[in-house]
Amino acid sequence: MLEAFALTDKGCVRTNNEDYCLIDPELGLYILADGMGGARAGERASRLAVDTVSEIVHQAGRRDSQVLLEAVEEANRRVLAAAHSDPTLEGMGTTLVAALDLEEAISIASVGDSRVYLLDEQGLRVITDDHTWVNEVGRPLGLDEESLRNHPMRHVLTMAIGASAPLTVNYYSVQLRHGAILLICSDGLHGVVEQNELEGILNGGRDGVTLEESCRRLIQAAKEAGGPDNVTAVLVRRFS
């Protein structure tokens, strides 16, 4: 069985929170979206995408990777349609990560630069690949990590929900064994807190610290590092 907890915070700089997340342990569905757009369009995009994925999976009556694909594609269609129907929402979009428990494995769909990490006996590692200029252009060009961290294109996404049709979705399948933890997070966390610090906090969860307390420690770490963006952490742990 899985247990989960999620926490989101606007951070130390932003006046509103465009991140949105959902956990549905009964359905085995865990979703995070980091919205973008003028005014409150980012908030609208992230909520619409998450709610759409949840709705489609609920209505499907089954759980498999194809359902997850259909749900993400429908989220993209609805965000695009909303932006086209309302000029104030033009240009809105969102990242999206959705994880669905299929019992034998966790199926993950990812668009944008929100991430999934896995902590197990091998340590903490990133499962997803970012849809970003840095990951898809900068690194293949051979730019070093220090240059990439300060590059003017470092925040540019190459794919997002609501940006285009057809949509490119990255898919992964992860074995979540007893005691292992999935971290789903926005770039307000992974772009601010170093991976070794993330691992240290999550290891507390493996040593008996509750998922709620681990989420609070993750959010606090991001805020202590300046909290320049909205920050969201979703933790999922298998306990049987």
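As the structure is a prediction and not an experimental result, all values here were calculated from the model.

Enquirer: When you look at the environment of lysine 223 in this model, what are you seeing that I'm missing?
Expert: Looking at the secondary structure, you find lysine 223 in helix 7 (residues 211-224). Note: C-alpha distance between lysine 223 and aspartate 9 (214 residues apart in sequence) is 9.2 Å. Discounting residues that sit within four places of it in the chain, lysine 223 has contacts with Asp9 and Cys12.

Enquirer: What is the right way to read the state of the cysteines from this model?
Expert: Working definition: the covalent bond between the sulfur atoms of two cysteines is a disulfide. One pass over the full model with this rule turns up zero disulfides. Its sulfur unpaired, cysteine 21 is 8.6 Å from the next cysteine sulfur, which belongs to cysteine 215. Taking relative accessible area as the criterion, cysteine 21 reaches 18% and is therefore assigned buried.

Enquirer: Is there a simple way to think about the pattern of salt bridges in this case?
Expert: Two side chains carrying opposite charge are able to pair once their charged atoms lie near each other. Counted according to the given criterion, the structure contains 14 salt bridges. Across the salt bridge formed by arginine 62 and aspartate 64, the nearest N and O atoms sit 2.7 Å from each other. With a closest N to O distance of 2.9 Å, arginine 125 and aspartate 120 form a salt bridge. When its relative accessible area of 29% is taken as the criterion, arginine 125 is described as partly exposed.

Reading the values: the criteria
- Residues numbered from 1 in each chain as written.
- Predicted model: local features only at pLDDT ≥ 70, side-chain atom pairs only at ≥ 80, totals over all residues.
- Heavy atoms only, no water.
- Helix = DSSP H or I, 4+ residues; strand = E, 2+ residues; numbered from the N terminus.
- Contact = heavy atoms within 4.5 Å.
- Disulfide = S-S within 2.5 Å.
- Buried < 20%, exposed > 50% of the residue type's maximum accessible area, 1.4 Å probe, protein only.
- Salt bridge = Lys/Arg side-chain N within 4 Å of Asp/Glu carboxyl O.

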